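Analysis of the macromolecular model
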Amino acid sequence: MAVIQRTKTIKIMERRNFVRILGTAAVATPVLGHAFAACSGESKKQVFEGHAFPQLPYAFDALEPAIDAQTMELHYTRHHRGYFDKFMAAANGTEAASRPMEDIFANIADYSPAVRNNGGGYYNHWLFWENMTPSKTEMSAGLTKAIADTFGSFDQFREEFGNAAKTHFGSGWAWLAAAPDGGLFVTASVNQDNPLMSDAPRQGKPLLALDVWEHAYYLKYQNRRAEYVDQFWKIVNWEEVSRRYV
Ligand code: MN
């Protein structure tokens, strides 16, 4: 009970901070919403209004036992927040402050390491939170077929993605991404890089992200990264992943 109460208090504090950042202006268009609306073919044009620290879509303890509340709280309030604040400091006074992240990543060679690393951290964690959920979700028919066509079966996809996450050396991310021609692929990235970056080994739109930095699992799993990766499948938000694949 005490834990739940504390979680709620922190959530409210975060919300206050969030509102303070945005000031009195209308709530900024979510960067992801902007990006994915632009990709979805629905011609509802949205105007980019700047960067904002996103709200966690669930309570800190919502993904227990796969991800424990303490890890989630530290990861969101310290790590993710830190990337966002440092990105904003690096972008302040430059055109990056008013440019969608996808545009920045598409021209990443033009930017400083501070924008790359912290902008990547800001964006990747946002994707990561949104592609997890405590609820049971279903994959769309379109994505189900694309995964079967590409990998042979869902189990084979899960094995390939799992291996990418488990064997990636050092800090980084595992991804399911869609190439410009629509083809799916699994890849891993170092540090806070992602497949949208113009110098990525293979470029594409991220559909599913998994953080394999030690800060994402060490409190609960210590050195057992494979166990963390196996637990991840229980909390994937397939509805959100399907939405990204349109
Ligand atoms: Mn992280």
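Values in this document were obtained by computation on a predicted structure and should not be read as measured data. Residue numbers run consecutively from 1 along every chain, following the written order of its sequence. Confidence filtering applies because this is a predicted model: local features only for residues at pLDDT of at least 70, side-chain atom pairs given and counted only at 80 or more, and all residues used for totals across whole chains, interfaces and linings. Side-chain metrics rest on all non-hydrogen atoms present in the structure, leaving aside hydrogens and water.

1. Concerning the sheet that holds strand S3 (residues 205–211)
Taken in spatial order, the three strands of this open sheet run S2-S1-S3, and their pairing is antiparallel. Sheet topology places strand S2 (184–190) and S3 at the edges, where each strand pairs with a single neighbour. Direction aside, neighbouring strands of the sheet carry axes that sit 25 degrees apart on average. Here, strands pair whenever DSSP counts at least two bridges between them. Where helices and strands are cited, they refer to DSSP runs of H or I of at least four residues and of E of at least two residues respectively, numbered from the N terminus. Looking at chain direction, strand S1 (residues 172–178) and S3 are connected through six bridges and run antiparallel. Residue pairing across strands places Ala178 opposite Lys205, the latter belonging to S3. We call two residues contacting when some pair of their heavy atoms lies within 4.5 Å. Orientation is described by axes fitted as lines to C-alpha atoms, over the contacting stretch for helices, and by angles from 0 to 180 degrees between their N-to-C directions. Most of the contacts of helix H6 (residues 141–151) go to S2, to which it runs at about 80 degrees, and overall it touches S1, S2 and S3. Of the strands in this sheet, S1, S2 and S3 are in contact with helix H7 (residues 154–167), which crosses S1 at around 150 degrees.

2. Section: the nonpolar core
Residues grouped as a nonpolar core are buried Ala, Val, Leu, Ile, Met, Phe, Trp, Tyr and Cys residues, joined through side-chain atoms within 4.5 Å. Remark: exposure states derive from per-residue accessible area (1.4 Å probe, protein chains only) relative to the maximum for the residue type, with buried under 20%, exposed over 50%, and partly exposed in between. Membership of the largest hydrophobic core comes to 63 residues, with the highest contact counts inside it found for Met132, Phe157, Phe161, Leu176, Leu208 and Leu210. Ignoring any residue separated from it by four or fewer positions in sequence, one finds Phe157 in contact with Ile147, Phe151, Leu176, Val186, Leu208, Trp233 and Trp238.

3. A closer look at the packing of aromatic side chains
For Phe, Tyr and Trp, where Trp contributes only its six-membered ring, two rings pair if their centres lie within 6.5 Å, and the inter-plane angle classes them as stacked under 30 degrees, edge-to-face over 60, or tilted in between. Taken as a whole, this structure holds 25 aromatic pairs when the rule is applied. An angle of 75 degrees between the planes, with centres 6.2 Å apart, marks the rings of Tyr76 and Trp129 as edge-to-face. Highlighted residues: Tyr76 in helix H3 (residues 69–91) and Trp129 in helix H5 (residues 113–130), separated in sequence by 53 residues. Ring centres 5.7 Å apart and planes at 25 degrees place the aromatic pair Trp173 and Trp175 in the stacked group. Like Trp175, Trp173 is buried. Consider the ring centre and the ring normal. A charge sits over the ring if Lys NZ or Arg CZ is within 6 Å of that centre and within 35 degrees of that normal. Directly above the aromatic system of Tyr221 lies the positively charged group of Lys220, at a separation of 5.6 Å from the ring centroid.

4. Here's the deal with the environment of Ile104
Among the structural elements, Ile104 can be located in helix H4 (residues 101–106). Under the relative-accessibility criterion, Ile104 is labelled buried at 0%. In sequence terms Ile104 and Gly120 are 16 residues apart; their C-alpha atoms lie 9.8 Å from each other. Those residues within four positions of Ile104 in sequence are excluded, and the remaining contacts are Phe87, Ala96, Arg99, Tyr111 and Val115.

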